[in-house]
Amino acid sequence: MIKAVLFDFDETLQDRTAAFERYMDAFMNKYLPDLPEKEKIKRKSDMVETGNGGYVNREEWYQSLIDLWRWKNSPSKTELAEHYDTQFGYFNVIFDNSVPLLKELRRRGIKTGVITNGPSILQHRKMEQSGLMPYCDILVVSGDLPFAKPQSEIFLYTARRLGLDAQECAYVGDHPINDIEGALSAGMKAIRMNWGWFRDQDLRPDVPVIEDIYDVLKFI
């Protein structure tokens, strides 16, 4: 019997692709406000294409963009990475059905929470600004811990904090390794949110696939 449903955040409870679009607009307005609109669109495309859905070393990524754009007198890669980590959380785009789903799970007596990888300041700010915290029993951020997804330790740690066995928990996420393989390795039930950068990649016949977060209820 499933007693807790736990979630990834980006591309699971929120449309990270849409949120990143909003962030890029703010980035351009702050750092490159005088660029012609056509060039802004081109550089935003560069950010998407090189950004690997957020799975990058932030400083190395920004340095690659500085080089690609031949950006003279640019801020340092460290400043740009800090801007991302401190500001991206203000541009959340939460899926319409995320709150209704969390409310329904809790109405059924099922615990809910988020396990997310990333720097503490970035992921905590996302959650603080998301409006989801009132509907979550737990938030676990890898930046606060010595382990991260897909290591089984972070899933087992979360289950223990909820007073549950891993087998009593389901985990929902979009990443085929960090989320799905990680949850399965810990003994949790896994549900694949088929969205964003990893859409249609490495789907498994033994793992339910959804495209609307509310459909989690079909598999609990």
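Conventions used here
Residues numbered from 1 in each chain as written. Predicted model: local features only at pLDDT ≥ 70, side-chain atom pairs only at ≥ 80, totals over all residues. Heavy atoms only, no water. Buried < 20%, exposed > 50% of the residue type's maximum accessible area, 1.4 Å probe, protein only. Helix = DSSP H or I, 4+ residues; strand = E, 2+ residues; numbered from the N terminus. Pairing = 2+ DSSP bridges. Core = buried A, V, L, I, M, F, W, Y, C linked by side-chain atoms within 4.5 Å. Contact = heavy atoms within 4.5 Å. Axes fitted to C-alpha atoms, helices over the stretch in contact; angles between N-to-C directions.

Trainee: I'm lost on the pairing of strand S1 (residues 4-7) in this one. Help?
Mentor: Of the two faces of S1, the one holding Ala4 and Leu6 and the one holding Val5 and Phe7 are both buried throughout. Note that S1 and strand S2 (residues 111-116) share four bridges and pair parallel. The partner of Ala4 across the bridge, within S2, is Lys111. Bridge analysis of S1 against strand S4 (residues 169-173) gives four bridges, and the strand direction is parallel. Counterpart to Val5 in the pairing with S4 is Ala170.

Trainee: Teacher, can you tell me more about the nonpolar core here?
Mentor: Looking at soluble globular proteins, one finds that nonpolar side chains tend to be buried together. Residues Val5, Phe7, Val172, Ile213 and Val216 are the most contacted members of the largest nonpolar core, which totals 24 residues. Contributions of two or more residues to this core are made by S1, helix H5 (98-107), strand S3 (138-141), S4 and strand S5 (189-193). Examining the composition of this core, we find that three residues originate from one element, H5, more than from any other. Dropping the residues within four chain positions of it, Val172 is found in contact with Val5, Leu6, Phe7, Asp8, Thr12, Ile191, Met193, Ile210, Ile213 and Val216. In this structure, Phe27, Ile66, Trp69 and Leu80 belong to the second largest nonpolar core, which totals 22 residues.

Trainee: Please clarify how the sheet that holds strand S6 (residues 209-210) should be interpreted in this entry.
Mentor: Each strand in a sheet pairs with another by means of backbone hydrogen bonds, the pair being arranged parallel or else antiparallel. The six strands lie next to each other as S3-S2-S1-S4-S5-S6, forming an open sheet whose pairing is parallel. Since the sheet does not close on itself, it has two edges, and those belong to S3 and S6, each with one partner. With four bridges joining them, S2 and S3 adopt parallel strand pairing. Looking at S3, one finds that Gly113 is bridged to Ile138. Strands S1 and S2 of the sheet are contacted by H5, whose axis makes an angle of about 160 degrees with S1. The sheet contacts of helix H7 (residues 152-161) involve S1, S2, S3 and S4, and relative to S3 the element is tilted by about 155 degrees.

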